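# Coordinate analysis (summary)
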Amino acid sequence: MNPNSYIKKITKRLKRSGNRFGVRPIEVFVFHAISDSFNPARCQRGDWSSTQDFKQRLDDLRRTYTFIPLPEAHRRLRQDLLRTKRYAVLTCDDGMKSILSILPWLEAEGIPITLFLNAKYLDGVSKREGYAEEPEYITHNDLEQINSPLVTIGMHGFEHVDHSTMTREQFTASMVDSRNVLEKHPAFIPYFAYPWGRFNPSTQQWLKALGINPVLTDGTSNYRYNQGIDRKCIDTPL
């Protein structure tokens, strides 16, 4: 048997055993854009959910899970010996302006959320390649108006680019430039969500050296903290 296949098989068995003995996973969900109607100039089809569908999805999830902030989930994954309650975390990548419309509903429902932002696009001028010229991202002014205790702000890189292909100098510059902008907000937390979920062992080590926690997008569940916080997309059906 292939050694990697054998390790995966053992890992699955251990996870099932852990679940039976009261160590339930913490699910972390990610979405991107929310609006009443789809506008291809502002986001890609796979990164969009209608407002109605999004609210229905969250209502369905709350029948099973209690939503908690990302730092609490991180702490529980490191410290919990037993976990019988079902927890989930809500995150949003890219900082598209449309997310502002859903924040009041999330606050009214008591659902915490972490927004992973690209610091460069907060200027309201810079654009991500492949998108229209019209305003698309949360701006500095928008960010200053976010003061809910249920919202935390994380990093998505200075720009939305593939960080797994960067040199250490480039990667560090992206983290430092991003952090210098976002840490001015009182809700900032030192967590970095890789754009498209792309990373490698080197970037993981570089993040550790910078004191930043990695957040992945690999579609798996979290039982214990391993190489980062794993997430599942809810832009598309679970």
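You'll find the structure just up there.
It should be emphasised that the depicted structure is a prediction, and the values quoted were computed from it without experimental measurement.

It is worth spelling out the overall build of the chain at this point. Helix and strand counts for the chain come out as 7 helices and 10 strands. Considering the chain as a whole, with its 238 residues, one finds that 48% of them fall into the buried category. Partitioning the contacts of the chain with sequence separation of at least 6, the portion at a separation of at least 24 is 65%. Carbon and sulfur atoms form 50% of the exposed surface of the chain, whose accessible area is close to 12200 Å².

The next thing to look at is empty space enclosed by the protein. The full count for this structure, using the stated rule, is 1 cavity of 30 Å³ or more. Size it by volume and the largest cavity reaches roughly 30 Å³. Lining the largest cavity we find Asp94, Gly95, Leu117, Asn118, Tyr121, Leu122, Tyr137 and Ile138. When grouped by side-chain class, the residues that make up the lining of the largest cavity number 5 nonpolar, 2 polar and 1 charged.

The backbone of aspartate 94 shows a phi angle near 85°, a positive value even though the residue is not glycine. Assignment of secondary structure puts aspartate 94 in the loop between strand E5 (87–93) and helix H4 (103–109). On the basis of relative accessible area, aspartate 94 is assigned to the buried category, the value being 3%. Not every positive phi belongs to a glycine, and tryptophan 196 is a case in point at roughly 60°. Examined against the element boundaries, tryptophan 196 turns out to sit in the loop between strand E8 (188–193) and helix H7 (201–210).

In terms of nonpolar packing, the biggest core is built from 41 residues, with Phe31, Phe54, Leu90, Leu106, Ile113, Leu115 and Leu182 touching the most fellow members. Those residues in contact with phenylalanine 54, other than ones at most four positions away along the chain, are Phe31, Ile34, Ser49, Leu90, Ile102, Trp105, Leu106 and Ile234. Counting 15 residues, the second-largest nonpolar core is a separate cluster that includes Val28, Ile68, Ala73 and Ile229.

As a further point, take the pattern of salt bridges. Scanning all chains against the criterion turns up 13 salt bridges. Of the charged contacts, one joins aspartate 94 and arginine 128 as a salt bridge, the two residues approaching to 3.5 Å between their closest N and O atoms. With aspartate 94 in the loop between E5 and H4 and arginine 128 in the loop between strand E6 (113–117) and helix H5 (140–145), this pair connects stretches of sequence that are 34 residues apart. Between lysine 97 and aspartate 142 there is a salt bridge, with the nearest N and O atoms lying 2.5 Å from each other. Here the residue lysine 97 occupies a position in the loop between E5 and H4, and aspartate 142 occupies one in helix H5, the gap between them amounting to 45 residues. Three or more residues joined by partner-sharing salt bridges are found here, namely Glu72, Arg76, Asp80 and Arg83.

The next point concerns the side chain of arginine 83. In this fold, arginine 83 is placed in the loop between helix H3 (70–79) and E5. Under the relative-accessibility criterion, arginine 83 is labelled buried at 2%. Within the structure, the side chain of arginine 83 is placed 3.0 Å from the side chain of aspartate 80, a separation counted as a polar contact. From its side chain, arginine 83 meets the backbone oxygen of tyrosine 223 in a polar contact 3.2 Å long. Excluding anything up to four places from it in sequence, arginine 83 contacts Gly22, Val23, Arg24, Pro25, Ile26, Arg76, Leu77, Asn222, Tyr223 and Arg224.

Taking 1.5 Å of rise per residue, the 15 residues of helix H6 (residues 168–182) would be expected to cover 21 Å, and the 21 Å separating its terminal C-alpha atoms lies within 8% of that figure. Turning to H6, its buried residues are Phe171, Ser174, Met175, Ser178 and Leu182. With its buried residues spanning 95° around the axis, H6 presents them on a single face. In this fold, the buried residues of H6 make contact with E6, H5, strand E7 (151–155), E8 and H7.

Our next topic: the environment of lysine 55. Tracing the backbone through its elements, the reader meets lysine 55 in helix H2 (residues 51–62). Along the primary structure lysine 55 and leucine 106 are separated by 51 residues, whereas in three dimensions their C-alpha atoms are 9.0 Å apart. Setting aside residues no more than four positions away along its own chain, lysine 55 makes contact with Ile102 and Trp105.

Moving on, we get to the pairing of E8. The buried fraction of E8 amounts to 5 of the 6 residues, a majority that puts the element mostly inside the structure. You can see the chain leave E7, run along H6 and come back into E8, and the turn it takes is right-handed. For the crossover that starts at E8, traverses H7 and ends in the parallel strand E9 (residues 213–215), the hand is right-handed.

Conventions we followed
- Residues numbered from 1 in each chain as written.
- Predicted model: local features only at pLDDT ≥ 70, side-chain atom pairs only at ≥ 80, totals over all residues.
- Heavy atoms only, no water.
- Helix = DSSP H or I, 4+ residues; strand = E, 2+ residues; numbered from the N terminus.
- Buried < 20%, exposed > 50% of the residue type's maximum accessible area, 1.4 Å probe, protein only.
- Contact = heavy atoms within 4.5 Å.
- Areas by Shrake-Rupley, 256 points an atom, 1.4 Å probe, with all protein chains shown as cover.
- 1 Å grid on protein atoms, 1.4 Å probe; cavity = no way out; pocket = protein on both sides within 12 Å on 5 of 7 lines; lining within 4 Å.
- Points joined across faces, edges and corners; volume = space filled by probe spheres on them.
- Nonpolar A, V, L, I, M, F, W, Y, C, P; charged D, E, K, R; others polar.
- Core = buried A, V, L, I, M, F, W, Y, C linked by side-chain atoms within 4.5 Å.
- Salt bridge = Lys/Arg side-chain N within 4 Å of Asp/Glu carboxyl O.
- Polar contact = N/O pair within 3.5 Å; in protein donor to acceptor, adjacent residues only side chain to side chain.
- Expected span 1.5 Å × (residues − 1).
- Arc of directions from axis to C-beta.
- Right-handed = clockwise from strand over helix to strand, strands pointing away.

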